[in-house]
Amino acid sequence: MAVDFISLTPEERSAWILSLGQQKYRLQQIEEWVFGHGVLDYMQMANLPQSLRDKLAQSNIPVLSAKIVAESTDGGTTKLAVELIDTQVVEVVLMRYRHGLTLCVSTQAGCKMGCVFCATAKSGFVRNLTRQEMLSQLLLANSHLRAKGERVTHIVLMGMGEPLDNYEESLAFIRMAVGPLCSISARRIAVSTCGLVPGIERLANEGLPVTLTVSLNAADDELRRSLMPVAQVYPVNVVLAAMHKYAEKTKRRVTIEYVLIKGVNDRAKHAQELAQKIKGSNFHVNLIPFNAVVNSGFEPPLPAAVRMFLEVLSGEGIGATIRRGLGGKVQGACGQLRGTLRK
Ligand code: SAH
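Residues numbered from 1 in each chain as written. Predicted model: local features only at pLDDT ≥ 70, side-chain atom pairs only at ≥ 80, totals over all residues. Heavy atoms only, no water.

Undergrad: What is the right way to look at the nonpolar core in this model?
TA: Nonpolar side chains in soluble globular proteins generally cluster together in the buried interior. Counting residues in hydrophobic clusters, the biggest one holds 113 residues, and the most contacted among them are F5, W16, I30, I155 and V285. In terms of residues, this core owes the most to one element, helix α5 (residues 131-145), which gives seven residues. Mapping this core onto the domain boundaries places at least three of its residues in each of domain 1 (5-58) and domain 2 (67-330). Beyond its immediate stretch of four places on either side in the chain, W16 contacts F5, L8, I30, Y42, L56, S59 and I61. (Core = buried A, V, L, I, M, F, W, Y, C linked by side-chain atoms within 4.5 Å. Buried < 20%, exposed > 50% of the residue type's maximum accessible area, 1.4 Å probe, protein only. Helix = DSSP H or I, 4+ residues; strand = E, 2+ residues; numbered from the N terminus. Domains from an automatic or database assignment. Contact = heavy atoms within 4.5 Å.)

Undergrad: Any chance you could explain the packing of aromatic side chains here in plain terms?
TA: For any pair of aromatic rings, geometry is given as the distance between the ring centres together with the angle between the planes. With the rule as written, the count across this model stands at four aromatic pairs. The interplanar angle of 40° and the centroid separation of 6.4 Å between the aromatic rings of W16 and Y42 together place this pair among those described as tilted. Residue W16 is located in helix α1 (residues 10-19), and its partner Y42 is located in the loop between α2 (25-37) and α3 (50-58); the two are separated by 26 residues in the primary sequence. Comparing W16 with Y42, the two get one shared label, buried. Between Y258 and F309 the ring centres are 4.9 Å apart and the planes differ by 40°, which places this aromatic pair in the tilted class. Highlighted residues: Y258 in strand β10 (residues 255-260) and F309 in helix α11 (residues 303-315), separated in sequence by 51 residues. According to the relative accessible area criterion, Y258 is buried, its value standing at 0%. (Phe/Tyr/Trp six-rings, centres within 6.5 Å; stacked < 30°, edge-to-face > 60°.)

Undergrad: Looking at this structure, how should I read the pairing of strand β1 (residues 67-74)?
TA: Note on strand geometry: in a regular strand, side chains alternate between the two faces of the sheet. Taken together, the seven bridges between β1 and strand β2 (residues 77-83) define a ladder with antiparallel strand orientation. Of the residues in β2, the one forming a bridge with I68 is V82. Hairpin geometry of β1 and β2 is characterised by an intervening segment of two residues between the two adjacent antiparallel strands and by a positive phi of about 60° at G75. (Pairing = 2+ DSSP bridges.)

Undergrad: Explain the packing of α1 against α2 here, please?
TA: The angle between the axes and the distance between the axes are what describe a pair of packed helices. Taken N-terminus to C-terminus, the directions of α1 and α2 make an angle of 120°; their axes are 10 Å apart at the nearest point. Accordingly, the angle class assigned to the pair α1 and α2 is oblique. The two elements α1 and α2 cross, and the hand of that crossing is right-handed. From α1, R13, S14, W16 and I17 reach across to α2, where they touch R26, L27, I30, E31 and F35. Along the lines of polarity and charge, the residues of the contact of α1 with α2 split into five nonpolar, one polar and three charged. (Axes fitted to C-alpha atoms, helices over the stretch in contact; angles between N-to-C directions. Parallel < 35°, antiparallel > 145°, perpendicular 65-115°, else oblique. Left-handed = near helix turned anticlockwise from the far one by under 90°. Nonpolar A, V, L, I, M, F, W, Y, C, P; charged D, E, K, R; others polar.)

Below is the structure:
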């Protein structure tokens, strides 16, 4: 695999800059451009002498080997297709909220989890992404935002793939994102999982106050098993127990995600079952109306069903919100990412 600047270790970076006949402070300048300003082209690093810029541009170490190959925008949401070194394409979504800009990062090309309502699952699993490939998504997004004078403020590991099925790399990425070069607060990072209990337990012990989000989608085991194969291994009560432990250990509020699918899990009895299981907890429920997936056989819920579901939960004193349907027009909403957006 060809190497890029962000994949070099600190020692390799120092050796590289020295090998170019430069002093070490030049390295800090380059890092400042890349991580602080989203500048990924040596030629634009204005405080480097022209001769050095030329040298860097001709060297065989580009800043990043990943690149944006397509882009689509729908109001506040932008989907970027990012091509990796082996030509795999993953999708990354930028969402504009009142409090800032959230980047939805992919952690795998494809996914093994097989949730029946999700587009990513339909294309199967290709491979895990490396920490640098996740970091590339952040840097490419910042580079994309640079013209507007903006940058990513929040990260959710909620794109293609299951972050806890690629634990080491996902965690290493988070550590880089909260590190001195990127300095995003851990409290502004969320990890979303389909409920891999050992991963949740491990994450609780990392000493990182990241937000945990668990995609429950049904409170009844049989129904959950029919939607999410992972439920065959970890029953709802076991997942909820791991979430309680996570909340206790990290003092962070845990979120439950619940994709509402018409006639499948959106009835009053489903809301009541969920309420019974989490009453008295501090879990927040995020309701996500199902986003269309071709050939899934599923349909979005009626608006009245979404309201009813919310009211049942609120009536039981459970904090719940409806996720704004961002990104539907660009196939960039939850469950619609499948790596098909190409040049
Ligand atoms: N594997 C992780 C992260 C990726 S999925 C997880 O399961 O949490 C991100 C979210 O999108 C999950 O909450 C999932 O339940 C939801 N989702 C998947 N397909 C969807 C669809 N078609 N419509 C709406 N949400 C969907």
